[in-house]
Every structure is written in C-alpha cells, then in structure tokens.
Amino acid sequence: MRQVRLIYYSRATRDMSLADLKSILDVARDNNSGLGICGMLCYENRYFLQALEGEREAVNELYLDIIDDPRHDEAVILSYDEIDTPIFRDWTMGYAAGSAHFSAMLNELKQAELEPDKLSQAQALSFLKSMAKHQTQV
Ligand SMILES: Cc1cc2nc3c(=O)[nH]c(=O)nc-3n(C[C@H](O)[C@H](O)[C@H](O)COP(=O)(O)O)c2cc1C
C-alpha cells in the first residue's frame, strides 16, 4: 500500500476557542486511529496548518472531508508526497499552538505570527516536525 503525506493550510472562518480546537482534535484523533492516519495540526492567527499521513486513498478521502468543514475555508495544498515511513506516526493528530517554542520556531522563519501562505514546502514540514516535539495539550 502506498503511503503519502499531504500538507495544507486553511483559514478558520471565525476565531477558534480552546473548546473549538478540542472538539476538532477529539473527533480527528478518534477517526484517524480507525483510518490508520496520523498527523500534526498547528493553529495560530486564524490559520490552520496540517499534515496528514497514511494510505493514499484514506488521506485523499479524509482531506476532501476536512476541506468541506465549515469551520475553515480557503484551503491550499502545500505538498503531497509519497513516503516510506510516516514522520508523525506517534500521533493520531498532534497539536501545537501559541507556545514559547512555537514563537521561537516562527522567529527562525522570520514570522511574528503564523503565516503559512509565506512558507515554502520545506519550511512548513520542518515547522510541523519541530512542533510535533513540543506539543500543546488541549
Ligand atoms: C482544521 C481541521 C482539521 C481537521 N482534521 C481532521 C482529521 O485529521 N481527522 C478527522 O477525522 N477529522 C478532522 N477534522 C474534522 C472533519 O472536518 C469532520 O468534522 C470530521 O471528520 C467528522 O466528520 P463526520 O461528521 O462526517 O463524521 C478537521 C476539521 C478541521 C476544521
């Protein structure tokens, strides 16, 4: 079975409270474990940045479901690659937002707040990887 990693960003249609984010993550973690999907989600400045990894068909189907979700719009795919081993395999959906480490990583990318539309594919992936090691509990 071919495995892929899809990375996209999108805009929240309104400010997300902690409860909003928790409800997204609770459902995502529940569903993803059944789908064999793992990944990482970042949220700041009304932007979502998310990596989805897993079997090709499952990732494609889930992505189409996710972008239909009215809590966000203006989704843009940053990258779509075949992978041998998922980087985010330890997390059904990891999460990071607004921590000191988050700001420090953004600083390295010369961003004061998250602006994924200005990141290259490589920058987005390395940001997600780094944030996976410094997650935010919700
Ligand atoms: C930014 C964002 C990321 C999401 N990520 C996932 C995810 O990784 N997995 C998932 O199952 N649902 C995710 N969702 C929720 C889905 O859009 C959808 O609500 C969920 O799959 C339940 O769909 P259902 O009501 O058709 O069962 C996400 C939603 C948003 C707004």
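What comes next is a walk through the structure. (Residues numbered from 1 in each chain as written. Predicted model: local features only at pLDDT ≥ 70, side-chain atom pairs only at ≥ 80, totals over all residues.)

Met40, Leu41, Cys42, Leu49, Ala124, Leu128 and Met131 are the most contacted members of the largest nonpolar core, which has 32 residues in total. Looking at this core, the elements with two or more residues in it are strand S1 (3-12), helix H1 (18-35), strand S2 (38-44), strand S3 (47-55), strand S5 (94-96), helix H3 (100-108) and helix H4 (121-132). Discounting chain neighbours no more than four positions away, the residues touching leucine 41 are Phe48, Gln50, Met93, Gly94 and Tyr95. (Core = buried A, V, L, I, M, F, W, Y, C linked by C-beta atoms within 7 Å. Buried ≥ 20, exposed ≤ 12 C-beta atoms within 10 Å, placed from the backbone. Helix = DSSP H or I, 4+ residues; strand = E, 2+ residues; numbered from the N terminus. Contact = placed C-beta atoms within 7 Å.)

Backbone geometry places arginine 46, a non-glycine residue, at a positive phi of 65°. Secondary-structure assignment places arginine 46 in the loop between S2 and S3. The phi dihedral of lysine 110 falls on the positive side, at around 60°, and the residue is not glycine. Topologically, lysine 110 is positioned in the loop between H3 and H4. Take lysine 110: there are 9 C-beta atoms within 10 Å of it, and that puts it in the exposed class.

This part takes up the site of the ligand. Taken together, 16 residues surround the ligand, and among them Ala28, Asn31, Phe48, Asp69 and Arg71 come closest. Of all the secondary-structure elements, those providing two or more residues to the shell around the ligand are H1, S2, S3 and helix H2 (56-67). With 5 residues, the single largest contributor to the shell around the ligand is H1. Of the residues contributing to the shell around the ligand, the split by class is 8 nonpolar, 5 polar and 3 charged. (Near = placed C-beta within 6 Å. Nonpolar A, V, L, I, M, F, W, Y, C, P; charged D, E, K, R; others polar.)

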